[in-house]
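# Observations on the model geometry
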Amino acid sequence: MQKIRNIAIIAHVDHGKTTLVDKMLLAGQLFRENQNSGELILDNNDLERERGITILSKNVSIRYKDYKINIIDTPGHADFGGEVERVLNMADGCLLLVDAFEGPMPQTRFVLQKAIQMGLKPIVVINKVDKPNCRPDEVQEMVFDLMFSLDATEDQLDFPTIYGSAKQNWMSTDWKNRTEDITPLLDAIIENIPEPAYLEGTPQLLITSLDYSSYVGRIAIGRVHRGELHEGQDVALCKKDGSISKQRIKELHIFEGLGRTKVKSAQSGEICALIGIEGFEIGDTIADIQNPEPLKRIAIDEPTMSMTFTNNDSPFFGKDGKFVTSRHIAERLEKELDRNLALRVEKAPEDGVWTVYGRGVLHLSILIETMRREGYELQ
Ligand code: GDP
């Protein structure tokens, strides 16, 4: 049976998450020659890169010794609370990455708090100890105080701390003792992050994320909670309204490096992608066909602000975009609801008017800017 570690990575913007994940991929020797290691891998959405935040969480995976380490990216901002809970749901532990000079930042507090509440075991990585003005020991104490204030359990407070420089490709248990590579971090993950519990029984998987492919359509992603799933298996899709439909898993993939590989089966604890499931939503359960038992849906933080969206009826109509009608906007908002969990859209009584509820200014402005770049006009 495959030995697995599922770990979420939590970091403030610029503290070095992308650099570290690059180095982890490199260590897993899954880094292909043609991929420039100077390039950002996790943040590949233009807007995310400009604003320096990660919105759409992506999974990557590396092999180290006999283990497969699934690395789960988390968004670095509280506006994306809807995304945070569902991605943390796939992990058994978390890496808190902190800059050795700046220390923990208020923005990461929210995500860390969720991780602590969900019982994830933390490993703290104090990065950039190569910088001349760094203060790793002080930062370590700041992290401890932060975890304490977040009501971490004794076991969580007993977190290991790894120091190093992602940029220089080394990690160590002692920041004054530079090593050759990042294996001390990988070893710490294997030793400290619990193995996912193997739950016996009929299969259950909570759909926590999705992907699109122009060939196969929507792909459901989640962690096998209980039992085992197989390629070609008939399963039940349990939806929010209580309805259950019969589906077939056409293909089953697990994450490998930056991509995925096709497998025959996946067991409790593994994170996988299911091809062939139709009409699902995030939060639905894939379950046994004979005896379907849905899992509890993930609670999502409620929106905190709203804006009114209408089509552009100004004299500048049609000058900027190609999708200008209210039908275009309606369809686009509908599509966004599929992925953007913390978003709500209500049709206003007037024609062509929608009230869009989000988690904050950043959350809504990212949607508006994305729509603008895609060629939509709106007011
Ligand atoms: P992210 O926003 O957390 O993904 O951060 P990045 O990985 O993009 O890194 C932000 C900046 O910090 C980049 O300019 C990196 O080259 C730099 N950086 C990352 N790790 C280190 C490190 O260990 N030492 C130093 N000096 N710089 C680093």
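Computed from a predicted structure; not experimentally measured. (Residues numbered from 1 in each chain as written. Predicted model: local features only at pLDDT ≥ 70, side-chain atom pairs only at ≥ 80, totals over all residues. Heavy atoms only, no water.)

The subject of this paragraph is the pairing of strand β3 (residues 67-73). For β3, the tally of buried residues reaches seven of seven residues, placing the bulk of the element in the interior. Note: strand β1 (residues 3-11) against β3, seven bridges, orientation parallel. Pairing of I7 across the sheet is with I71, part of β3. Where strand β2 (residues 59-64) and β3 come together, six bridges link them in antiparallel fashion. The residue of β3 that forms the bridge with N59 is I72. Linking two consecutive strands that pair antiparallel, namely β2 and β3, is a turn of two residues; a positive phi of about 50° is found at K65 within it. (Buried < 20%, exposed > 50% of the residue type's maximum accessible area, 1.4 Å probe, protein only. Helix = DSSP H or I, 4+ residues; strand = E, 2+ residues; numbered from the N terminus. Pairing = 2+ DSSP bridges.)

Moving on, we get to helix α1 (residues 17-27). Counting buried residues in α1 gives eight out of eleven residues, a clear majority hidden from the surface. All of the buried residues in α1 are K17, T18, L20, V21, D22, K23, M24 and L25.

Attention shifts here to the pairing of strand β12 (residues 244-248). One ladder, built from five bridges, connects strand β11 (residues 234-238) with β12; its direction is antiparallel. Among the inter-strand pairings, L237 is bridged to a residue of β12, identified as S245.

One broad rule of soluble globular proteins: the nonpolar side chains tend to lie buried together. Core analysis: the biggest nonpolar cluster contains 38 residues, and L96, L112, V143 and M147 have the highest contact counts within it. Elements that contribute at least two residues to this core include exactly β1, α3 (81-88), β4 (93-99), α4 (106-117), β5 (121-127), α5 (136-149), β9 (217-226) and β16 (271-275). No other element matches the five residues that α4 contributes to this core. Residue-level mapping places this core at the junction of two domains, with at least three residues from each of domain 1 (4-192) and domain 2 (204-288). Dropping the residues within four chain positions of it, V143 is found in contact with L96, V98, P104, V124 and F159. (Core = buried A, V, L, I, M, F, W, Y, C linked by side-chain atoms within 4.5 Å. Domains from an automatic or database assignment. Contact = heavy atoms within 4.5 Å.)

Residues in close proximity to the ligand total 16 residues, the closest being D14, K17, T18, T19 and D130. Contacts to the ligand include H15, whose backbone N or O atom sits 3.5 Å from an oxygen atom. In terms of residues, the shell around the ligand owes the most to one element, α1, which gives three residues. For the shell around the ligand, a count of residues per class yields three nonpolar, seven polar and six charged. (Near = heavy atom within 4 Å. Polar contact = N/O pair within 3.5 Å; in protein donor to acceptor, adjacent residues only side chain to side chain. Nonpolar A, V, L, I, M, F, W, Y, C, P; charged D, E, K, R; others polar.)

Here we have three strands laid out as an open sheet, ordered β18-β20-β19, and antiparallel in their pairing. What marks the edges here is a single partner per strand, and that holds for β18 (305-310) and β19 (344-347). Across the sheet, the axes of successive neighbouring strands diverge by a mean angle of 25°, strand direction being ignored. (Axes fitted to C-alpha atoms, helices over the stretch in contact; angles between N-to-C directions.)

Attention now moves to the packing of α4 against α5. One can describe the packing of α4 onto α5 by two numbers: an axis separation of 10 Å at closest approach and a directional angle of 60°. For the element pair α4 / α5, the angle class is oblique. Classified by chirality, the crossing of α5 by α4 is right-handed. Judged by residue contacts, R109, L112 and I116 of α4 engage L146, M147 and S149 from α5. (Parallel < 35°, antiparallel > 145°, perpendicular 65-115°, else oblique. Left-handed = near helix turned anticlockwise from the far one by under 90°.)

Our next topic: the confidence of the model for the chain. On average, residues of the chain score 86 in pLDDT, and 88% of them are at 70 or above. Long-range and interchain partners of residues 30-44, a stretch whose pLDDT sits below 50, account for 36 contacts in this model, where long-range means more than four residues apart. In this model residues 52-56 is a low-confidence stretch, pLDDT under 50, and it forms 22 contacts with partners more than four residues away in sequence or in other chains. (pLDDT = per-residue confidence, 0-100.)

Another point: the sheet that holds β4. Strand order in the open sheet formed by seven strands is β2-β3-β1-β4-β5-β6-β7, and the pairing between neighbours is mixed. Taken across any chain shown, the strands that pair with only one partner, and hence form the sheet edges, are β2 and β7 (170-172). Here the strands of the sheet are splayed against their neighbours by 30° on average, with no regard to which way each runs. Examined bridge by bridge, strand β6 (residues 161-165) and β7 share three bridges and lie antiparallel to one another. Note that in β7 the partner of G164 across the bridge is M171. Lying on the sheet, α4 is in contact with β1, β4 and β5; it crosses β1 at an angle near 150°. Relative to β5, helix α7 (residues 183-192) is tilted by about 170°, and along the sheet it contacts β1, β2, β3, β4, β5, β6 and β7.

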